[in-house]
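Geometric and topological summary
Residues per chain, in single letters:
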Amino acid sequence: MSIYSFFQELFTNKILISIILAWFISQTIKVLIMSVKKKKLRLDYYITGSGMPSSHTAIFVALTYSIYLLEGISNLFIVTLIITLVIMDEVLGFLSIQKIVHALNYLLDKFEIKQTRLRDDIGHTIPEVIVGFLIGMLVTYYIFFIF
């Protein structure tokens, strides 16, 4: 296999295209939402892992749905489905950590401790995960059946 054919196959791979597009769309929505909220262009939200929508969910749903469309219910599909469900559960679970971080930041402020505040915008809400799920499904459907 030549290097040209390797890259041609790589960049025409529907699974990879679905994942990249799901990430890009979800992160762009996040940038737009946060830019409006903060009244300033916030390109830094392209590399954050929290907020509306959940890009982690979008990426893994795109992966899982792509594999399902290519292979049906196979061993690979089952493995990716389980990983996707774990990822979705984990990003929701970070909300309990967020409460601890809020409490620690409160204590830092209350006792005037000279310490950088801990980042408290971690985790996702159920609506953020649902929107990420929908983005992953719709993007993958588009790539496989319309594009």
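Everything here concerns the structure above.
No experiment lies behind these values; they were computed from the predicted model shown. (Residues numbered from 1 in each chain as written. Predicted model: local features only at pLDDT ≥ 70, side-chain atom pairs only at ≥ 80, totals over all residues. Heavy atoms only, no water.)

Here we come to the overall build of the chain. When helices and strands are counted, the chain shows five helices and zero strands. Walking the chain from its N terminus toward its C terminus, one meets helices and strands in the order α-α-α-α-α. The C-alpha radius of gyration of the chain comes to 19 Å, more than 25% above the 15 Å expected for a compact globule of 147 residues. Taken along its principal axes, the extent of the C-alpha atoms in the chain is 60 × 35 × 30 Å. Within the chain, the fraction of its 147 residues that count as buried is 31%. The contacts in the chain between residues at least 6 apart in sequence include a share of 65% that link residues at least 24 apart. In the chain, which carries 12 positive and 10 negative side-chain charges, the distance between the mean positions of the two groups comes to 10 Å. (Helix = DSSP H or I, 4+ residues; strand = E, 2+ residues; numbered from the N terminus. Rg over C-alpha atoms; globule rule 2.2 N^0.38 Å. Buried < 20%, exposed > 50% of the residue type's maximum accessible area, 1.4 Å probe, protein only. Contact = heavy atoms within 4.5 Å. Lys, Arg positive; Asp, Glu negative; His and termini not counted. Charge placed at Lys NZ, Arg CZ, Asp CG, Glu CD.)

This brings us to the packing of helix H2 (residues 14-38) against helix H3 (residues 55-71). To characterise two packed helices, one gives the angle between the axes of the helices and the distance between these axes. Their axes nearest at 8 Å, the elements H2 and H3 cross at an angle of 155 degrees. Here H2 lies roughly antiparallel to H3, going by the angle between them. Like other packed secondary-structure pairs, H2 and H3 cross with a definite hand, here right-handed. Note on element contacts: H3 touches H2 through Ser55, Ala58, Ile59, Ala62, Leu63, Ser66, Ile67 and Leu70, opposite Lys14, Ile15, Ser18, Ile19, Ala22, Trp23, Ser26, Gln27 and Lys30. (Axes fitted to C-alpha atoms, helices over the stretch in contact; angles between N-to-C directions. Parallel < 35°, antiparallel > 145°, perpendicular 65-115°, else oblique. Left-handed = near helix turned anticlockwise from the far one by under 90°.)

Another point: the environment of Met1. Summarising the element assignment, Met1 is placed in the segment before helix H1 (3-11). With a relative accessible area of 71%, Met1 lands in the exposed category. Sequence-wise, Met1 and Pro127 are 126 residues apart; in three dimensions their C-alpha atoms are separated by 45 Å. Discounting chain neighbours no more than four positions away, the residues touching Met1 are Phe6 and Glu9.

The next point concerns the packing of aromatic side chains. Evaluated as defined, the whole model comprises seven aromatic pairs. Both rings, one in Phe6 and one in Phe7, keep their centres 5.1 Å apart while their planes meet at 75 degrees; by these two values the pair is edge-to-face. Measuring from ring centre to ring centre gives 5.3 Å for Tyr68 and Phe77, while their planes differ by 55 degrees; the resulting arrangement is tilted. Taken together, the ring pairs connect Phe6, Phe7 and Phe11 into an aromatic cluster. (Phe/Tyr/Trp six-rings, centres within 6.5 Å; stacked < 30°, edge-to-face > 60°.)

As a further point, take the environment of Met88. Relative to the assigned elements, Met88 resides in helix H4 (residues 75-110). Here the alpha-carbon distance between Met88 and Phe133, two residues 45 residues apart in the chain, equals 9.1 Å. Residues within four places of Met88 in sequence aside, it is in contact with Thr57, Val61, Val129 and Phe133.

Counting across every chain of the model gives one salt bridge. Ionic pairing is found between Arg42 and Asp44, a salt bridge with its closest N-O pair at 2.7 Å. (Salt bridge = Lys/Arg side-chain N within 4 Å of Asp/Glu carboxyl O.)

On to H3, then. Between the first and last C-alpha of H3 there are 24 Å, a value that for 17 residues agrees with the 24 Å anticipated at 1.5 Å per step. For H3, the full list of buried residues reads Ser55, Thr57, Ala58, Val61, Ala62, Thr64, Tyr65, Ser66 and Ile67. Phi turns positive one or two residues past the end of H3, at Gly72, with a value near 75 degrees. (Expected span 1.5 Å × (residues − 1).)

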